[in-house]
Amino acid sequence: MSRYREPLPKSAPYITLEGAERLRAEYDQLWRVRRPEVVRALSAAAAEGDRSENAEYIYRKKELREIDRRVHYLQLRLPELKVVDSTPSDPSRVYFGAWIDVADAQGDEKHYRIVGPDEIDPARGYISIDSPLAKALLKRGEGEVVKVMLPGGEAELELVAVRYGR
């Protein structure tokens, strides 16, 4: 399993300022630090002789391919991203960057932030603007109820709160 996230299918070009900074830092780390380290280790492993049975050489070649794949993706993706770092004209409605609280029929609340597809992080509650949940909630206001198809089936959710900033 790759240590780097696989390229995503064509998706919304939006990203938060924090997300853009994180991707630029990842690119810089991979290109200026990690790749040169792996190239040095690969050269040292290649100098040991028979490459067909050299586990270190095989591992480093694979690692270099993964780094190059991610660097290539970032080189293509970063220029097309549109950083969104402003509050919408109607902050009572759900738009990109919103922190939202939703409640299901049992009253269980979940907290999410609508972000770009390059920023999704389920552990932090960051969901893609391209996700079914985000699409169902866009332009909705507090108190509105939406029906959405989730992995566990159709759900009816009430939008409890909308806020911007942290």
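Structure's up top.
As the structure is a prediction and not an experimental result, all values here were calculated from the model.

Trainee: I tried to follow the pattern of salt bridges on my own but got confused; where do I start?
Mentor: Note on pairing: side chains with opposite charge can pair once their charged atoms come close. For the coordinates displayed, the defined rule picks out 15 salt bridges. Note that R113 and E18 form a salt bridge whose closest N and O atoms lie 2.9 Å from each other. You can see R113 sitting in strand β4 (residues 109-115) and its partner E18 sitting in helix α1 (residues 17-46), a full 95 residues away along the chain. Note on R113: relative accessible area 10%, which makes it buried. Among the ionic pairs, K62 bridges to E66, the shortest N-O distance being 3.6 Å. Note that K62 and E66 are positioned in helix α2 (residues 55-80) at a spacing of four residues, about one turn of the helix.

Trainee: What is the right way to look at the packing of aromatic side chains in this model?
Mentor: For any pair of aromatic rings, the description consists of the separation of the ring centres together with the inter-plane angle of the planes. This model, assessed by the stated rule, comprises two aromatic pairs. On the numbers, 6.0 Å between centres and 55° between planes, the contact of Y14 with F96 is tilted. Within this pair, whereas Y14 is found in strand β1 (residues 14-15), its partner F96 is found in the loop between β2 (82-83) and β3 (99-103), the two being separated by 82 residues in sequence. By relative accessible area, Y14 is classed as partly exposed at 35%. Here F96 falls in the buried class, since its relative accessible area comes to 10%. With a centroid separation of 5.7 Å and 75° between ring planes, the pair formed by W99 and Y126 is classed as edge-to-face. Of this pair, W99 sits in strand β3 while Y126 sits in strand β5 (residues 126-128), and the two are 27 residues apart along the sequence. A residue is classified by how much of its surface remains accessible, and W99, at 8% relative accessible area, is buried. Taking relative accessible area as the criterion, Y126 reaches 7% and is therefore assigned buried.

Trainee: So what exactly am I meant to see when it comes to the sheet that holds β3 here?
Mentor: Either a parallel or an antiparallel arrangement is found when strands of a sheet pair, and the pairing is made through backbone hydrogen bonds. Spatially, β5-β4-β3-β7-β6 is the arrangement adopted by the five strands of the open sheet, whose pairing is mixed. A single partner strand is all that each edge strand has here, and the edge strands are β5 and β6 (145-150). When strand polarity is set aside, the average angle formed by the axes of neighbouring strands in this sheet is 45°. As judged from the three bridges shared by β4 and β5, these two strands associate in the parallel manner. Considered in β5, the bridge of R113 is made with Y126.

Trainee: Please explain the pairing of β3 as it appears in this structure.
Mentor: Looking along a regular strand, one sees side chains alternate from face to face of the sheet. In terms of burial, β3 is a largely internal element, five of the five residues being buried. Of the two faces of β3, both are covered, the one formed by W99, D101 and A103 as well as the one formed by I100 and V102. Here five bridges tie β3 to β4, and the two strands are oriented antiparallel to one another. Counterpart to A103 in the pairing with β4 is E109. Between the end of β3 and the start of β4, which pair antiparallel, lie five residues, with G107 showing a positive phi angle near 90°. Pairing geometry for β3 and strand β7 (residues 153-163), over five bridges, is antiparallel. In the sheet register, I100 faces β7, and the bridge partner there is V162.

Parameters and conventions
Residues numbered from 1 in each chain as written. Predicted model: local features only at pLDDT ≥ 70, side-chain atom pairs only at ≥ 80, totals over all residues. Heavy atoms only, no water. Salt bridge = Lys/Arg side-chain N within 4 Å of Asp/Glu carboxyl O. Helix = DSSP H or I, 4+ residues; strand = E, 2+ residues; numbered from the N terminus. Buried < 20%, exposed > 50% of the residue type's maximum accessible area, 1.4 Å probe, protein only. Phe/Tyr/Trp six-rings, centres within 6.5 Å; stacked < 30°, edge-to-face > 60°. Pairing = 2+ DSSP bridges. Axes fitted to C-alpha atoms, helices over the stretch in contact; angles between N-to-C directions.

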